[in-house]
Amino acid sequence: MEISIVGSGYVGTTVAACFADLGHDVVNIDIDAEIVKTINDGDAPIHEEGLPELVAEHAGPSGTGRLHATTDYAAVLDTDVTFLCLPTPQNDDGSIDLSIMEAGATQLGETLAQKGDWHTVVVKSTVVPGTTEETITPILEAESGTTAGEAFGVGMNPEFLREGTAVDDFLNPDKVVLGADDDRALATMHDVFDPLIKAADAPVVETDTRTAEMIKYANNAFLASKISLINDLGNICKEFGIDAYEVADAISLDDRIGEQFLRSGVGWGGSCFPKDTHAIISAAEEQDYDPTVLKSAVELNDRQPHRLLDLLDGHVDVADERVAVLGLAFKPGTDDVRNSRAIPVIDGLRKRGADVVAYDPVATANMREHFPDIEYADSAAAALKRAQGAVVVTDWDEFAALDAEFDAMADPVVVDGRRIVERREGLTYEGLTW
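Our next topic: the packing of aromatic side chains. Throughout the structure, instances matching the rule amount to eight aromatic pairs. Ring centres of F83 and F193 lie 6.2 Å apart, and the angle between their planes is 75°; this geometry places the pair in the edge-to-face category. With a gap of 110 residues between them, F83 in strand β4 (residues 81-84) and F193 in helix α7 (residues 183-200) connect regions that are remote in the sequence. Each member of the pair, F83 together with F193, is buried. Centroid distance F261 to F273: 6.5 Å. Interplanar angle 40°. Geometry classified as tilted. Of this pair, F261 sits in the loop between α9 (244-251) and α10 (273-286) while F273 sits in helix α10, placing them twelve residues apart in sequence.

Laid out in structure tokens, this is it:
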């Protein structure tokens, strides 16, 4: 099929490259000319495992030609279906900011006014229940001068892509959710996803747009709450001198619980869990419902970095002392520092008067935008040298191999927020929840 994707950020670029790999002809539409050029040169504009290879294979001068990018919305006219993959950032009150989505829908609607035949529009951005039906569809109708269900169809297809494994998540999904309020839009969405469904043997959930929107929030809210719960249990284990990981291994054998997301630690971050939990809390409160469990999950997650620093305080007075922060990305495998637990950790250390030196394999450039005036090391060893203490915030594999590097510290005190460092003699080691 001929597919257009509005937005070439983290989701848009990944989805575009994967659709091209499934045999579709795809055009990415973005207002950023530099990103458009990057894709057309056959390069990935974001750091994501497996994505550079897909973009190089299908875009650029030596690619298959199934993927290209443009700044011109008119490219939509040569396609059958358009996916809206635009950011929905968080407002100060926790609700989502729809201004970018609304602007994209406005421009798309204006473009569709020039098209005489049927077109399907699919919202892939994460939006609260009712947004597709009550906000996006009316904009498309007003700007195109046509009616949904007659000249065009609207669907909702939530994404479940984890940073660091997004390509694999797309090509090997645990489910494909197709939300639509008319049969023709649903049929078009099936045409798009059938190659993936057949290749991955993925279960398909067919529903309406409002339910599809809620499925995404429920998915992320449940996982975020599960992490907060295991962190809460881990904190309790710590108080009793019990290994939280041994407890987690035991309870994971209960198939009602499962083994995933049971590694207690410094908490969750990134672009999805924080934004989505706050958004659905805000949306629920607008309906006069108090989501107490979700609010507690957020509160506990916000406390974990401070608990990490409190444990460090028990060993070192960090005022005017060099302290190493190992890991800046919100998770390994990505350079994304949005809502990284390293941010409140660094903030807390600076408030204590520490001389912070930070290291991450790939996320240093992005963290410089938050903290331009702290020291950044080229390696974990360089960060640890002469440090009075160290905290581990991201569980990069290379940190598991650290050993003699700790001997170069002025005082080998390590507070490990991810259980990645091995305890050993000569190292003052403190786990966050064990």
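Here the narrative resumes.
By the secondary structure assignment, T38 is in helix α2 (residues 33-40). Not counting the four nearest positions on each side in its chain, T38 is found in contact with D43, A44 and P45.

Along its 32 residues, helix α8 (residues 209-240) runs 47 Å from first to last C-alpha, staying within 8% of the 46 Å computed at 1.5 Å per residue. Put simply, D208 is the residue that caps the front of α8, since its side-chain oxygen is 3.2 Å from the backbone nitrogen of R210. The first or second residue beyond α8 is G241, which carries a positive phi of 70°.

All right, on to unusual backbone geometry then. One non-glycine residue, D201, lies in the positive phi region at around 50°. For D201, the location among the structural elements is in the loop between α7 and β8 (204-207). A positive phi angle is found at D288, which is not glycine, with a value near 65°. Along the polypeptide, D288 turns up in the loop between α10 and α11 (292-313).

Mapped onto the elements, L294 comes out in helix α11. Those residues in contact with L294 that lie beyond four places of it in its chain are A221, S225, I280 and I281.

It is worth spelling out the pairing of strand β2 (residues 25-29) at this point. The buried fraction of β2 amounts to four of the five residues, a majority that puts the element mostly inside the structure. As paired strands, strand β1 (residues 2-6) and β2 are joined by five bridges and run parallel to one another. Looking across to β2, one finds that V6 is bridged to I29. Read as a crossover between parallel neighbours, the route from β1 over helix α1 (residues 10-21) to β2 is right-handed.

Strand pairs in the sheet, formed through backbone hydrogen bonds, run parallel or antiparallel to each other. Taken together, the eight strands give an open sheet; going across it, the order is β3-β2-β1-β4-β5-β6-β7-β8, and neighbouring strands pair in mixed fashion. Of all strands in the sheet, those with a lone pairing partner are β3 (67-70) and β8, marking the two edges. Each adjacent strand pair in this sheet contributes to an overall mean axis angle of 25°, direction not counted. Where strand β7 (residues 176-180) and β8 come together, four bridges link them in parallel fashion. Within β8, the residue paired with G179 across the bridge is T207. Each of β1, β2, β3 and β4 touches α1; the most contacted strand, β2, lies at about 165° to it.

This next bit is on the pairing of strand β12 (residues 389-392). Side chains G389 and V391 project from β12 onto one buried face, and the interleaved A390 and V392 project onto a second face that is buried too. Examined bridge by bridge, strand β9 (residues 322-326) and β12 share four bridges and lie parallel to one another. Paired with V325 across the bridge in β12 is V391. Pairing of β12 with strand β13 (residues 413-416), which is carried by three bridges, proceeds in the parallel orientation. Bridging from a neighbouring strand, A390 pairs with V414 of β13.

If you look at the biggest cluster of nonpolar residues, it comprises 55 residues, and the most contacted ones within it are L312, V325, L326, L328, L349 and F399. Those elements that place two or more of their residues in this core are α9, α11, β9, α12 (342-351), β10 (355-359), α14 (380-384), β12 and β13. Of the residues forming this core, the biggest block, five residues, is contributed by α12. Contact partners of L349, with chain neighbours within four places excluded, come to L309, L312, V323, V325, A354 and V356. Core analysis: the next-biggest nonpolar cluster, separate from the first, contains 40 residues, L84, V121, V154 and I227 among them.

Criteria and thresholds
Here the residue index of a chain counts from 1 through its sequence in written order. Residue-level local features of this predicted model are given only where pLDDT is at least 70; pairs of side-chain atoms are given and counted only at 80 or more, and the full residue set underlies all totals for whole chains, interfaces and linings. Note that water and hydrogens are dropped before the side-chain values are worked out from all heavy atoms of the structure. In this scheme Phe, Tyr and Trp rings, the latter by its six-membered ring, pair at centre separations within 6.5 Å, and the angle between planes marks the pair as stacked below 30 degrees, edge-to-face above 60, and tilted otherwise. Secondary structure elements follow DSSP: runs of H or I no shorter than four residues count as helices, runs of E no shorter than two count as strands, and numbering proceeds from the N terminus. Note on exposure labels: buried denotes an accessible area under 20% of the residue type's maximum, exposed denotes more than 50%, and partly exposed covers the range between, all computed with a 1.4 Å probe on protein chains only. Contact criterion: two residues are considered in contact whenever any of their non-hydrogen atoms come within 4.5 Å of each other. The span you would expect from a helix comes to 1.5 Å times its residue count less one. The term polar contact refers here to a pair of N or O atoms within 3.5 Å; inside protein, the definition further demands a hydrogen-donor-capable atom paired with an acceptor-capable atom, and it admits residues adjacent in sequence only when both atoms are side-chain atoms. Each pair of strands is called paired provided DSSP finds at least two bridges between the two strands. The handedness rule is simple: strands pointing away from the viewer, and a clockwise path from the first strand over the helix to the second, make the crossover right-handed. Only the stretch in contact is used when fitting a helix axis, every axis being a line fitted to C-alpha atoms; angles between N-to-C directions are given from 0 to 180 degrees. For our purposes a nonpolar core is just a set of buried Ala, Val, Leu, Ile, Met, Phe, Trp, Tyr and Cys residues, chained together by side-chain atoms within 4.5 Å.

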